[in-house]
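Fold and contact review
Here is how the chains run, residue by residue.
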Amino acid sequence: MTFMKDSTFAWVQDVCSLLFSGKKYSDWRLEPSNNLLEMAHFVLDILNGSLFCLNIIEAESELVQGILAAIFIIDWEFSCINVSEDKLNKEHIGETGSRLAFCEAVHAFRCKIRDQFLRGFGVNNRKSLGTTLVQSIKCITFVDNRFESDNFVSLCGQWTLDVFEIFCQDQVEEQQLLEQFLINNDLWPLWVIPDGTGARLRTDNVSLSLHVPNNTKFIALVDKLISEIGFDRVVAGLTSEASPSSTKDSLTDLGINKTHYSRPWLAAEILCTWKWLGGCVLDSFLPSFVSYMKNGDCGFSDSILNVLIDGALVHGSCSGLNLLKRASVDELEAVDEPFLRALLSVLSTFFQDNLWGNEKATSLFKLLVDKLYIGDNANLNCLKILPSIMNILVRPLSIGVEDQTNDLPDPYSESKLHNVTVDWLKRTVCFPSLSTWQSGEDMEDWLQLVISCFPVEVTEIMQEIKPARYVFPAERAVLYELFQKQRQGASAVLNKLPLVQKLLSELMVISVAYCWEDFDEDDWKFVLHRLRFWIEAAVVMMEEVVENVNNTLTNGSNDVNASLNEFESAVVISDPFPIELARNALVGFSLFCSLIGSQDKEHTGNLNHLGSEKWEIITDRIFEGILRLFFCTAASEAIANSCCHEASSIIASSRLGHRQFWESVASCVLQSSSHARDKAMKSIEIWGLSKGAISSLYALVFSCKPLPPLQYAAFVLLSTEPGAQLAFTCDTGKVSNDGTLNNEDSIETSSAENVHLREELSYKLEKLPPMVLEMDLVAHERVNLLVAWCLLLEHMTSLPSSSPARERIIQYVQESTSSVILDCLFQHIPLELYMGSSSRKKDAELPAAVSEAARRAIATSSVSYSVQFLWPVGPEKMASLAGAVFGLMLHHLPAYVRGWFSDIRDRSGSSAIEAFTKAWCSPTLISNELSQIKKSSFADENFSVSVSKSANEVVATYTKDETGMDLVIHLPPSYPLRAVDVDCTRSLGITEVKRRKWLMSLMSFVRNQNGALAEAIRIWKSNFDKEFEGVEECPICYSVIHTVNHSMPRLACKTCKHKFHSACLYKWFSTSHKSTCPLCQSPF
């Protein structure tokens, strides 16, 4: 006892007091002296020698318990020192190492004591010692604030499990010991107190600021126990009648014996605490709770729900959530009031996971409606919490309502939700207009309650917004009446109170969603002008942010840290209210756009007020404002990125606080017209910022902290018109709309310098990151590399197959990019599935996302779908994108891929790649090639083509002046990894030399073609047409049309007058190291 009191750890001293308080030897204590450690070692030697006697000393059992407890505590002190030795100096563990040495000796003694020896004590002694030890562990977590690491909590958890295993002979004893471990005191719990098998709210005044840190540390310890021995034993308190089992085994069969150890109060306490050291409700507790609930113990969850509802009603706080859409579980973290946050998280999780359905929602709805009124007056606390709860309940309450309307004699009266909603609407209509509203009135709560009953549903990536439930005509009629009243009031008097504007914007959105068929022209005019007003207010704010960022870069300090602080200040939005209003306005505008574009015949008669021409001007103005918002955040990141990566990260992080707003912006950008995009891009260019529109889009698509809808919207703007014209090349010759170049001479050189891609793209394509193949599969640089290739491939898709611009891009790929990109792709695609015997068949175990992505990319000539769902990045999504990129490269760049494939020296790897291609890519590619050839229009009186899809063959017959030949092109099963075979089956009137030349010429065209096979056949035909017309062939390649860039021989020797392809001549000069004519050797 004296040794423990001398410890520098506060928890050891406190535990010592706990151990010996009230004992008959509690006053025994030696005065500290230099001999203390020597005496302690002497006592330990005695214990070592007389250990076998301890469990038979019945008369002094209390003393034996104290000795053994002290042994455990000193052993734990030794563990603490080892865990925290990097934080503790000699002052903490004693002036010398002597104390540590004794602790180590006690640890050795503790290891010597067998668990069977401890279990041999009498039941009462064993329970008493176990209780003492678990209370000591609890004391540790509440006393010493120096231990705030997850390692320390894990250590305490292991101690607790050891105590359970040593001192509990069955699970009933384990539950009894847990009761002692979790027993309430002045510091614990903070929110609820156990009351029999239930719980009651804690009403005494507890200083949360003082006790929350230690309370959360103890919750972290409880969470560790739940993860180790299960929710069912720690929280639900279930025991088994079976023989004792390891504490690692969790009970899963709820048909076993249930006892009175149920702890709904503990679940409520953990839910209210929300976050703790090393964990939180969302990451650990709720998943455990859901797993337990799937076994069907509804009574326990009902007890927890009742505690949370009671707590939320007592505190009566609004959630502050956006009631227009269902809040995700992650978004619930923003709710301040602990009971309401806990209640909403449980409801949201259980309904989303289908643990509860319509029946449960109906019972909860009835319970809350009954609590809403106290006599004739509204329960204000219930009124405040009800909107956020209804936001979750309204969907399960609506299940099956629409389907029942044809079966029930009076379906309207049968719908409890319908009746109550109509009642709430009528009550809200009785209030005066919002324009006359003053703060402090409960009209706000009633309006929010009504709004929560009419949610809108937002699909993934904000592609579609629609009403989330079916409403009856009576509901829609009263809702429209409410909208009309507020519209007329707002038109007469403008109330600028932020809350008034917020409520009006939300009411407007649900009215557009549910009552648009009743709108007249004045209604639409009011809606659109108000939406534009709110969006423009956000535009002004964001443009000011961009200018602040730009000024920080141009006028900033040379000190990087000072500049970063300035960037942080520049992006701070002091008043987020305009963003919230604009967010609602964007949802309303998306609904309007979806109605305009609707082609549903049943709505045709109601579109008389929605003619697109009528609202075209104001719609374009709204789209321009939205695009300005989009380019504002893109330009901010581009400007900051030119300073440093950290500055770019600051800009990207600032968006995460307004995620829904930026997702709505991105959704509307995708719906915008090319005309609106063009105007927005031009306005950015004339603004005078450090970065232009295209640079801004690249900064956004390659952002270090992606917000998925924004990244995808930037990708679409870069890969479609009008952005695509400026997003890729920086050539002096301009590209026309059909993909051709105005300056034809510019294509006549094979040098890659002729194609100048924008630096943002070329840097990633040409200069692969060092050690790219050793990078993590989801590394940011690797992701951006694949996205850059996606942009290039999408651009190639947009160019006509025979256009010079496309040929130049292909030439750039061949000469300037590294084929290592293909090695990268197959680090994501699981080739091991095709190794060995599985390579002989279409392996069904390949992830569906990979094979489907490859086939979709080939069929649609686009990787847009895989890019759309790439973020947030994960291994499976990267595998899907890799499959799509490989498929589209096979489609657009078959010769390029074939060249890489032929260089592979690993036979097993090449076989697996070929098996993958043969199984998932080649069938679609071959079918597309044969279909294109069959549809091609190059046949004439001299040339005909026949296609055999069953044999994967094309027969080309060329006749001219009583000469001709049949050439058969056979596509191998793994086309285009394996080159096509070309054979001459018939020749007439031609020499063997010419026959071989024609055969080799066709083979050269089809094998070097980076594009459609039909195009290669067309070019080959054109080559011989020109040869018969007398056009001189190139003396180097013996072809009129170049087999790669399809140019004509134009560079003539001034001496011998022979004409050469520029690419052939360039290669001749490079390899011969001379600049003379290949024929006459004259200087060229």
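All of these numbers come straight from a predicted model, not from anything done at the bench.

Across its full length, the protein holds 47 helices and 14 strands. Classification of the 1084 residues of the protein by burial places 55% in the buried group. For the protein, the proportion of contacts with a sequence separation of at least 24, taken over those separated by at least 6, is 71%. For the protein, the exposed area adds up to about 46600 Å²; of that, 49% sits on carbon and sulfur atoms.

Side chains that differ in sign of charge can pair as their charged atoms come close. Under the counting rule described, the total for this entry stands at 20 salt bridges. Salt-bridge contacts for Glu 536 lead to Arg 628; the nearest nitrogen and oxygen are separated by 3.7 Å. Taken together, the residues Glu 536 in helix H25 (residues 521–555) and Arg 628 in helix H28 (residues 616–641) connect sequence positions 92 residues apart. The exposure class of Arg 628 is partly exposed, given its relative accessible area of 26%.

In the contact formed by helix H45 (residues 992–1008) and helix H46 (residues 1013–1028), the axes pass within 8 Å of each other and the chain directions differ by 140°. As H45 packs across H46, the resulting crossing turns out to be right-handed. Residue-level inspection shows Lys 997, Trp 998, Ser 1001, Leu 1002, Phe 1005 and Val 1006 of H45 in contact with H46, the latter providing Leu 1013, Ala 1016, Ile 1019, Trp 1020, Asn 1023, Phe 1024, Glu 1027 and Phe 1028.

This part is about the packing of aromatic side chains. Evaluated as defined, the whole model comprises 38 aromatic pairs. Note on Tyr 292 and Phe 300: the rings are 6.0 Å apart at their centroids and 80° apart in plane angle, and the pair reads as edge-to-face. Of the two residues examined, Tyr 292 and Phe 300, each falls in the buried class. Here a set of aromatic residues connected by ring pairs shows up, and it is made of Phe 231, Phe 285, Phe 289, Tyr 292, Phe 300, Phe 350, Phe 351 and Trp 356. If you follow Arg 856 out to its NZ or CZ, it ends over the ring of Tyr 865, 3.7 Å from the centre.

Right, let's talk about the sheet that holds strand E9 (residues 943–948) for a bit. If you trace the four strands from one edge of the open sheet to the other, you get E9-E10-E11-E12, paired in antiparallel fashion. Only two strands of the sheet have a single partner each, and these edge strands are E9 and strand E12 (981–988). Here the average twist between neighbouring strands, direction ignored, is 15°. Pairing of strand E11 (residues 963–970) with E12, which is carried by seven bridges, proceeds in the antiparallel orientation. Considered in E12, the bridge of His 970 is made with Asp 981. Helix-sheet contacts for H45 involve strand E10 (953–960), E11 and E12, and the interaxial angle to E12 is about 150°. H46 contacts E9, E10 and E11 of the sheet and is inclined by roughly 15° relative to E10.

What follows covers the pairing of E9. As paired strands, E9 and E10 are joined by six bridges and run antiparallel to one another. Along E10, the bridge assignment pairs Ser 946 with Val 955. Turn length for the E9-E10 hairpin, with the two strands adjacent in sequence and antiparallel, is four residues, and the turn residue Asn 952 shows positive phi of about 55°.

Here the focus is helix H9 (residues 150–167). The terminal C-alpha atoms of H9 lie 26 Å apart, and with 18 residues this matches the ideal 26 Å at 1.5 Å per residue to within 8%. Every buried residue of H9 is listed here: Phe 152, Val 153, Leu 155, Cys 156, Gly 157, Trp 159, Thr 160, Leu 161, Val 163, Phe 164, Ile 166 and Phe 167.

Let us look at the packing of helix H13 (residues 264–273) against helix H16 (residues 338–352). Contact pair H13 / H16: the axes reach a minimum separation of 8 Å and the direction vectors enclose 105°. Classed by the angle they form, the pair H13 and H16 counts as roughly perpendicular. Residues Leu 271, Cys 272 and Thr 273 of H13 lie in contact with H16, whose contacting residues are Pro 338, Phe 339, Arg 341, Ala 342, Ser 345 and Val 346. For the contact of H13 with H16, the class distribution of residues is six nonpolar, two polar and one charged.

For the rest of this paragraph, the subject is the nonpolar core. Counting residues in hydrophobic clusters, the biggest one holds 309 residues, and the most contacted among them are Trp 424, Phe 630 and Met 889. With 14 residues, H25 is the largest single contributor of residues to this core. In contact with Phe 630, other than residues within four places in its own chain, are Val 665, Val 669, Leu 697, Leu 700, Leu 710, Ala 713, Ala 714 and Leu 717. Grouped together as the second largest cluster of nonpolar side chains are 32 residues, Leu 930, Phe 938, Val 982 and Ile 1017 included.

The pLDDT averaged across the protein works out to 82; a share of 84% of its residues lies at or above 70. Mean pLDDT in the protein bottoms out at helix H20 (residues 411–414), which sits at 40, and peaks at helix H32 (residues 693–701), which reaches 96. Low confidence marks residues 86–91, where pLDDT is under 50. Its contacts with residues over four positions away, or in another chain, come to eight contacts.

For helix H36 (residues 780–798), which comprises 19 residues, the first-to-last C-alpha distance of 27 Å matches the rise-based estimate of 27 Å (1.5 Å per residue) to within 8%. Where burial is concerned, most of H36 is hidden: 15 out of the 19 residues are buried.

Right, let's get into a nonpolar patch on the surface. A contiguous nonpolar surface patch, about 290 Å² in accessible area, is contributed by Phe 42, Val 43 and Ile 46. By the secondary structure assignment, Ile 46 is in helix H3 (residues 36–50).

At the junction of Glu 721 and Pro 722, the peptide bond is cis and its omega measures out at 5° in the coordinates. Considering the arrangement of structural elements, one finds Pro 722 in the loop between helix H33 (708–719) and helix H34 (723–727). In this model, Tyr 975 is joined to Pro 976 through a cis peptide bond whose omega is 5°. Along the chain, the position of Pro 976 falls in the loop between E11 and E12. Phi at Gln 1081 takes a positive value of approximately 65°, unusual for a residue other than glycine. Assignment of secondary structure puts Gln 1081 in the segment after helix H47 (1062–1072).

The rules behind each value
Residues numbered from 1 in each chain as written. Predicted model: local features only at pLDDT ≥ 70, side-chain atom pairs only at ≥ 80, totals over all residues. Heavy atoms only, no water. Helix = DSSP H or I, 4+ residues; strand = E, 2+ residues; numbered from the N terminus. Buried < 20%, exposed > 50% of the residue type's maximum accessible area, 1.4 Å probe, protein only. Contact = heavy atoms within 4.5 Å. Areas by Shrake-Rupley, 256 points an atom, 1.4 Å probe, with all protein chains shown as cover. Salt bridge = Lys/Arg side-chain N within 4 Å of Asp/Glu carboxyl O. Axes fitted to C-alpha atoms, helices over the stretch in contact; angles between N-to-C directions. Left-handed = near helix turned anticlockwise from the far one by under 90°. Phe/Tyr/Trp six-rings, centres within 6.5 Å; stacked < 30°, edge-to-face > 60°. Lys NZ or Arg CZ within 6 Å of the ring centre and 35° of its normal. Pairing = 2+ DSSP bridges. Expected span 1.5 Å × (residues − 1). Parallel < 35°, antiparallel > 145°, perpendicular 65-115°, else oblique. Nonpolar A, V, L, I, M, F, W, Y, C, P; charged D, E, K, R; others polar. Core = buried A, V, L, I, M, F, W, Y, C linked by side-chain atoms within 4.5 Å. pLDDT = per-residue confidence, 0-100. Patch = residues over 30% accessible without salt bridge, like charges linked within 9 Å, V, L, I, M, F, W, Y side chains within 5 Å.

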